[in-house]
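Inside the fold
The lines below spell out each chain.
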Amino acid sequence: MRIAFVDLWFSWPPIGGAQANMFHTIEGLRQAGHEVRLFAPVYDDLWHHAGYEPEALPFPSEPVTMNWARTTARGLCQWLRPAVDAWRPDVVFMGFGRYCKPYLIEALAHYPIISRYFLYEHLCIRDGCLYKDYETCLNDFLRTPNVCRKCTVDFWEDWLKQSDTPPDIRDLTNAGVLTPRYHRLFVESLGKCRAAVVNNAMAKERIDDYCPVVRVIPSGVKVKEREYLPLRDKPARERKVILMSGRTTDPLKGMQVLADAGSGLARYRSDFEIWVTGDDDPFQEPWFKACGWQGQGETMDLYREADIVVVPSVWAEPFGRVAVEGMAAGRPVVASRIGGLQEIVRPGETGELFEANSSAELALILERMLDNPEECARMGDRARETAANEYDWEHIVEAYYLPLLEQVTS
Amino acid sequence: MSGALRICAFRSQGWGYATRLHHLRRRYPDARLVVMIPKGETVSEQEAAYADEVLEQPHETYSIRKPGKLWDLARTLREARLDLFVVMYPSPRLRLVAGLSGARRAECWSYQNLIIALPTRLLPAMAVLGWRIVQGQLRFWRCWLTTRLRRVPMPGEVDKMEARGLRMPRR
């Protein structure tokens, strides 16, 4: 089968989970015997996007140099449609497209389309986070477009007024997201897709009425490529390491919750350390260590050093790649009971879940785990096994993407 | 006073400051590199490796609407007696700051990531900035009016947050 992948924000090496997800999906389907080709622009004026070198990719790609300031949705379609038509794919797989996605779907509607929605881009036009007033937003662009349009303008007020327009805002205004026409186009584009792929059950529930087929497909990690050091074989340290990995400076990731739990624990015990990736050390406590921004390789070293991995996000993480990475490294994961995280971690088996934002509950769980190293080791082994069986890319392609392709083309 | 070129690298919002310092050091190996950071921020280890001198900006941010802050910055920069002033982007605001710096010339990284000369004459810089601010205001008000006057026809739509008596905080 010939599968065309379209992604407006593709970069390799990846700058985020969405890019890594696309790369492994394309590569996985290529290895499964399908003919694949990536259609992704390279922007000449965007530092935020590292872009990609076609020669560095293991699969063929069709790059076109674009200038974000001058690129409109129509301009993108004018490039994309002839390029895809010339290749004659059997299926089009749409990746990250942010605000231009409905236009691209419209332009390629003569093919069976599978559309992958990252973040909550299909529900929240503001920033794709679906997070408002310190909780998951109950509105969504499909059902309450007028509320969401107002929320978007109010939220981006300062940026819209700025003399230097950031790329996200250019994308927003170029695609005419705030016009009533865009909402109609958006809803129609969901109906035109043969299938939509989302990250978790909540995201699925909210678009079930709009798209013929909606599948929850998790992201994955290359579990087999990761060196595994079981917790019980790890050299003993004076202090146990509780690790929080990822973009810890983002308040939505909940580093403050972990620090509050740590300061509670530190009142009566000193046998632990909290390590976080990132440069910021706002707490200046002896039990808190900022390890600096880490590349993929160094992060693996940190996981090996860790005894417990914590993912204290306060927003509904669509997936929670860090939790899966922790599991793949064979460490028990303590995560917020929210978004995709609650679907990844099995309490008592591969880790524990706590109420988002509840540092007291997190402290209790950490205390119990610090006191029971045997239990932690057992959970770590089980976590590694779960990651290998359910979140390895090979498994994800085989169990989710291949049946979906068959369904879409039959 | 030594004869080495005094270069000030002005740190503003955005990524890649350390990478830019690296480029700068390679381009001017013998120059004295003054790293200028916003008030209250620190220099990372990587940045410190390239810096001969660290200077703190008098304020965190600058805007043409707050001339007092700009004046403080201009004074600090002029006291540093710079030969070359380097900013991270060719934005109108940074162009104005470069104009105020009193340096003999200014450079920046273009959108294609190349080091280019930055015009430092004050009046054109202020005119460009003023026009861009007007454009930004027009952009915002156009969007604001679009969302208020042109509604998507959705009978029975209720703002669930409003119904629960919650309001969105302004950011």
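Reading guide: rules and limits
- Residues numbered from 1 in each chain as written.
- Chains lettered and ligands numbered in written order.
- Predicted model: local features only at pLDDT ≥ 70, side-chain atom pairs only at ≥ 80, totals over all residues.
- Heavy atoms only, no water.
- Buried < 20%, exposed > 50% of the residue type's maximum accessible area, 1.4 Å probe, protein only.
- Helix = DSSP H or I, 4+ residues; strand = E, 2+ residues; numbered from the N terminus.
- Pairing = 2+ DSSP bridges.
- Domains from an automatic or database assignment.
- Buried area = accessible area lost by both parts, 1.4 Å probe.
- Salt bridge = Lys/Arg side-chain N within 4 Å of Asp/Glu carboxyl O.
- Polar contact = N/O pair within 3.5 Å; in protein donor to acceptor, adjacent residues only side chain to side chain.
- Nonpolar A, V, L, I, M, F, W, Y, C, P; charged D, E, K, R; others polar.
- Phe/Tyr/Trp six-rings, centres within 6.5 Å; stacked < 30°, edge-to-face > 60°.
- Lys NZ or Arg CZ within 6 Å of the ring centre and 35° of its normal.

Brief notes about the pairing of strand β2 (residues 32–37) of chain B
Residue and element names in this part refer to chain B.
- Where burial is concerned, most of β2 is hidden: 5 out of the 6 residues are buried.
- Sheet analysis places strand β1 (residues 6–10) next to β2, joined by 5 bridges and oriented parallel. Pairing of Cys 8 across the sheet is with Val 34, part of β2.
- Taken together, the 4 bridges between β2 and strand β3 (residues 53–56) define a ladder with parallel strand orientation. Looking across to β3, one finds that Met 36 is bridged to Leu 55.

Some points on the domain arrangement of chain A
Residues and elements named next belong to chain A.
- In terms of domains, chain A is made up of domain 1 (2–220 + 393–409) and domain 2 (223–391).
- Domain 1 and domain 2 are separated by 30 Å when their C-alpha centres are compared.
- Summing both partners gives a buried area of about 1,400 Å² for domain 1 against domain 2, and 59% of it is carried by carbon and sulfur.
- For the salt bridge of Glu 394 with Lys 224, the shortest nitrogen-to-oxygen distance reads 3.7 Å.
- Taken together, the connections running from domain 1 to domain 2 amount to 5 residue pairs in polar contact (both at pLDDT 80 or more).
- At 4 residues, helix α15 (residues 393–409) tops the list of elements feeding residues into the side of domain 1 that touches domain 2.
- Taken together, the residues of the side of domain 1 that touches domain 2 break down into 11 nonpolar, 8 polar and 1 charged.

Quick word on the pattern of salt bridges
- The tally for this structure, following the rule as stated, stands at 43 salt bridges over all chains.
- Between B:Arg25 and B:Asp52 there is a salt bridge; the shortest N-O distance is 2.8 Å. Here B:Asp52 lies in the loop between α2 (45–48) and β3 and B:Arg25 lies in helix α1 (residues 17–27), a separation of 27 residues in the sequence.
- Among the residues examined, B:Asp52 registers a relative accessible area of 36% and is labelled partly exposed.
- One connected set of salt bridges, linked through shared partners, spans A:Asp140, A:Arg143, A:Arg206 and A:Asp209.

Observations concerning the packing of aromatic side chains
- Within this structure, the stated rule accounts for 21 aromatic pairs over all chains.
- Ring geometry for A:Tyr120 and A:Trp315: centres 6.3 Å apart, planes at 85°, overall edge-to-face. One end of the pair, A:Tyr120, is in the loop between β5 (113–116) and β6 (131–132); the other, A:Trp315, is in the loop between β13 (308–311) and α11 (321–328), with 195 residues separating them in the sequence.
- Among the residues examined, A:Trp315 registers a relative accessible area of 5% and is labelled buried.
- Through successive ring pairs, a cluster of aromatic residues spans A:Tyr103, A:Phe141, A:Tyr182 and A:Phe186.
- It is A:Arg98 that lies over the ring of A:Tyr99; its NZ or CZ is 4.8 Å from the centre.
- The side chain of A:Lys161 reaches across the aromatic face of B:Phe140, ending 4.8 Å from its centre.

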